[in-house]
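# A closer look at the structure
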Amino acid sequence: MIGEKKLLKKLEAILGVSKADHTEITFIGSNSSLTRYANSQIHQNVAENNHTVHFKTVVGNKIGVATTNSMSTSDLKQTLNDSIEIAKQQPENPHFPGLSKPAKYKTLNTFDEATAKCSAKDRANIVKRIIAESDAAKFTVAGSLATSHGEIAIINSNGVQAYQPTTSASVICIPMSDTSSGYTSDMSRKISDIDFDSIAKIAISKCDLSQNPKQVEPDTYEVILEPPAVAEMMEWLNYVSFGSKPYERGMSFLSGKEGKKITSDQITIYDNALSAKSVAFPFDMEGSPKKKVYFVKNGIAGGPVYDRLAALKSGKKSTGHAVTPDESEGGAFGMNIHVAPGNAKRSEMIKKVKKGILVTRFHYINGMIDPGNSVLTGMTRDGTFWIENGEIQYGIKNLRFTDSVMKAFKSVKAISKETSRVESWWSAVGCMNCPTIHLGKFRFSGKTEH
Amino acid sequence: MKNKLLQTTKYLKDKGVDYADCRFVSTKSESLSVDHDGVEGMSRNLDVGVGIRVLANGAWGFAATADITEASLKKTANQALSIAKASAITTKEKVVLAKQKVAKDHYRTPFKKDPFEISTEEKINLLSQACKILKDKKQIRTTNGQMTFHKIKKLFVSTEGAVIEQDLMESGAGIEVVASNGKESQRRSYPNSFGGDFATRGYEFIESMNLPDHAERIREEAIELLTADSCPDEITTVILGGPLLALQVHESCGHPTELDRALGTEISLAGGSFMTPDKLNKLKYGSDIVNIYADATTKGGLGTFGYDDEGVKARRIPLIKKGKFVGYLSSRETAPVIGRKSSGAMRADGWNRLPLVRMVNVNLEPGSWELDDLIKDTKKGIFFDLNKSWSIDDRRLNFQFGSECAWEIKNGKLGRMFKNPVYTGITPEFWNSCDAICNKNHWHVWGLPNCGKGEPMQTAHVAHGTAPARFRNVRVGVVK
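The following refers to the structure shown. Not measured: the values here are computed from a predicted model.

### Quick notes on unusual backbone geometry
For residues that are not glycine, phi is negative in most cases, and the peptide bond is trans in most cases. The peptide bond linking B:Y190 to B:P191 adopts the cis configuration, its omega dihedral lying at -5°. In this fold, B:P191 is placed in the loop between β7 (185-190) and β8 (197-199). Its identity is not glycine, yet A:K138 carries a phi of approximately 65°, on the positive side. Look at A:K138 and you get exposed, because its relative accessible area is 74%. Phi is positive for B:K322, which is not a glycine, with a value near 45°. Its location among the elements puts B:K322 in the loop between β12 (316-321) and β13 (324-325).

Right, dumping it as structure tokens:
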């Protein structure tokens, strides 16, 4: 960690020598560590100290972007000049929206000293406890435990000065028997928020309950989708539909449907980086303040997230969802996707299922088949159960689903009050927050051997 | 830099570690994205750092830093050592490394034109020319052309005495178009979907694609897709085009033959493999004409290099021979577990990542058919083109892939177009149903620059040599 004062001073000094008409610097620094375990022992254990500095320079209406991970003043100046050279070589960009202007950001506590100080030995000792729990149950166990601390700063020639320190901690636990596996995960800005003993116990009980799974034929069933399963679906819907680019292309299931009813009234899906239920963060990579955006509100379709360029093209305002300038051609992107909770309790939801399937999580979902109709496919994994007469009966072999999520979300029977944070593949500055959802109809299209 | 790495490995050797290696990697990248309106984005990136891997008390530690001063490298070496000692808290079986010939060598990617020496104007003009043709119909909603280049310098030094330098060059490009009728949108790409084709070659590779020459065809196909029939739901014969078959090889042969995955060490993210060591030399993976091999020496392949990231020389290893499962992609740590030597497949996606068992170029040997003859020989079936969607279970058995478009085959001729086509199956059943593979005239090495694996996530650049092939009794449709 360089620290706010020292870092901003260094970046300002570089900004001060820029010969471009406008200049923006995005700094991302991180110290991240990850302890990975499998076959009940640590097999990979890594730490990384890195920082990236992105320069976006504007000459007339021409834009250049260059990035370095060196913090030496000479390398920073060289990269700044590279970005100016790139800008000069380009044609005029008629859509350039200008750089962001100073704004007020929500004050958020995103840093935890104890998480930042968590050592390799601390992590190994937590993993040792998880392994001991699994040994006692006579299961092998795999998973990972990650901690990180870092800082993000954005400054530009319009006077924007944004800085935020961050920490995060996350865990995955997958106990395995010869015929089954279980799963739990959690994440937070603070490692002390994670109850590792409970994580191990829940995953072990799922592994135990799903031993010697039976085969169920693919068909349309009632389902209970637990938070990791819902989050996996949201992650793909976010990728193929919630961003500005797929919306602009007409490939999002939201395209052309704004204001129309597309799901049950009970479904509300939104991006909110400012919520304590998320891993909160106050601004995007252009320095625009984060705003809450509804993709679906009480079953009615909303719009996508925007960065400054996409907003200008669409006659909207930025919602604060710009990515780093080197990846900006992909458009704005949601990073804190929430599915709003309902009023039900998980146990009561299961009691109301006459015949159906409980899905702990999905594996390898893909949403590219027919994104305009929100069609996803994927496999169940690590704890799939048959429910009959309101009780979980036994584990079943994994199934493939292929279905339109919005069509399935028309059959919502209940949504849980409790929600869980689930780590996102895409982002270090966000996560998913999802409840358990009970659907009346969900289509499984294939089966596998385990 | 060499002296700094030699000093660091000596420092660790003096500390009494079992083994250590240091990797310096400097990657210079350029990416360019253009649409019919102009330049969407262009950026250059320089990424430099050192990763240090230490084996101590039979357990691994890895630490990486972007600060490459001597003081920082010493601090990072100490950090890697203390992480290894922490790992040892849970050790049940100590790591044993396969013996390896110690190399001192320098490898360079052969190429003709350095893409970093080609003017930005020339690159923009080529993509703009293609995008202009792509946009030339009212149904066209968006167009895109992109290029990506990486110049990578690597230096590997180990406590065993290895000193290996590598200068690698990667180039890639592609175009795509989205057509829309207001109700739905459809996409077509060239030469492959998701960014195009990639190789360890220079700018001559981009020129060989003749991007503008293919723009009109994919534009018209994208428009035709808007009124095409949906793919029927049935069991039928399929012919997979080369680029789609490359992904099929990737997901259903490349990943399950990674030995770390088969030994259970990828469970926490990507899952395991049905191709476990007890099935080696026993499993009838495919029909007798199916021969698949890993080859890090394939000319121009995106998975081509001189040495892997633990100093093992690039080589060719059979994975499937006459349909039988005979080999794994492996490392110095995993290979001894099954009594073999490393296949040279240990790769990291940068200085800041631990090397993992990854694919190199995993290639399907060509067969004997001309594509026209293969279609003529097929009475009823479907020809699937470029990949659009992909999904496979956590043991790599049940897969489902979709393509951008497909054509009906009726009485030996290509007929009507199908939109949103999908096929699904179980890996060994599918490969055992393969009864024809096209010949070397149709064989091409397709570069895939986006293979995800590991925690923290790593993106490997791999490739697959394939020619179109036919499979019988395959379920297609699926999407209602």
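That covers the picture; the talk isn't over yet.
### Points about helix α1 (residues 2-14) of chain B
Residue and element names in this part refer to chain B. Here α1 contains 13 residues, and its C-alpha end-to-end distance of 18 Å stays within 8% of the 18 Å for a straight helix at 1.5 Å per residue. Of the positions making up α1, those classed as buried are L5, T8, T9 and L12. Seen along its axis, α1 keeps its buried residues to an arc of 95°; they face one direction. In α1, the exposed positions angled more than 90 degrees off the buried face are occupied by N3, K10, K13 and D14. Buried positions along α1 lie against β1 (19-35), β2 (38-56), α2 (70-87) and β5 (140-158). Downstream of α1 by one or two residues, G16 has phi in the positive range, about 85°.

### Examining the sheet that holds β13(B)
All names here are of chain B. Reading across from one edge, β13-β12-β11-β16 is the order of the 4 strands in this open sheet, with antiparallel pairing throughout. Looking along the sheet, the strands with just one partner apiece sit at the ends: β13 and β16 (362-364). Where β12 and β13 come together, 2 bridges link them in antiparallel fashion. Across the sheet, I320 pairs through a bridge with F325, a residue of β13. Against the sheet, helix α6 (residues 242-254) contacts β11 (292-295), β12 and β16, and its axis sits at roughly 120° relative to β16.

### Overview of the pairing of β5(B)
All names here are of chain B. Of all 19 residues making up β5, 14 are buried, and the element is well covered by its neighbours. Judged from the 14 bridges that link them, β1 and β5 form a sheet pairing that is antiparallel. Within β5, the residue paired with C22 across the bridge is V157. Of the pairings in the sheet, the one linking β5 to strand β6 (residues 163-180) comprises 17 bridges and is antiparallel in character.

### What to know about the nonpolar core
A:I269 and B:I292 are the most contacted members of the largest nonpolar core, which has 120 residues in total. Element by element, the count of residues in this core is highest for helix α6 (residues 227-242) of chain A, at 9 residues. When sequence neighbours within four positions are dropped, the list of residues in contact with B:I292 reads B:V249, B:C253, B:Y285, B:P318, B:L319, B:I320, B:V362, B:N363, B:L364 and B:W431. Counting residues in hydrophobic clusters, the runner-up holds 34 residues, among them B:F116, B:I124, B:I140 and B:F205.

### Quick notes on the pattern of salt bridges
All chains considered together, the criterion is met by 51 salt bridges over all chains. A:E85 is paired through a salt bridge with A:K88; the nearest N and O atoms lie 3.8 Å apart. Residue A:E85 and its partner A:K88 are both found in helix α2 (residues 73-88); the two are separated by 3 residues, about one turn of the helix. A:K88 gets classed as partly exposed once you look at its relative accessible area, which sits at 47%. Between A:K245 and B:E40 there is a salt bridge; the shortest N-O distance is 2.4 Å. Taken as a pair, A:K245 in helix α7 (residues 244-249) and B:E40 in strand β2 lie in two separate chains rather than in one. Across the pair, B:E40 and A:K245 agree in class, each one buried. The network of salt bridges with shared partners includes B:R187, B:R188, B:R217, B:E221, B:D385 and B:E404.

How each quantity is defined
Residues numbered from 1 in each chain as written. Chains lettered and ligands numbered in written order. Predicted model: local features only at pLDDT ≥ 70, side-chain atom pairs only at ≥ 80, totals over all residues. Heavy atoms only, no water. Helix = DSSP H or I, 4+ residues; strand = E, 2+ residues; numbered from the N terminus. Buried < 20%, exposed > 50% of the residue type's maximum accessible area, 1.4 Å probe, protein only. Expected span 1.5 Å × (residues − 1). Arc of directions from axis to C-beta. Contact = heavy atoms within 4.5 Å. Pairing = 2+ DSSP bridges. Axes fitted to C-alpha atoms, helices over the stretch in contact; angles between N-to-C directions. Core = buried A, V, L, I, M, F, W, Y, C linked by side-chain atoms within 4.5 Å. Salt bridge = Lys/Arg side-chain N within 4 Å of Asp/Glu carboxyl O.

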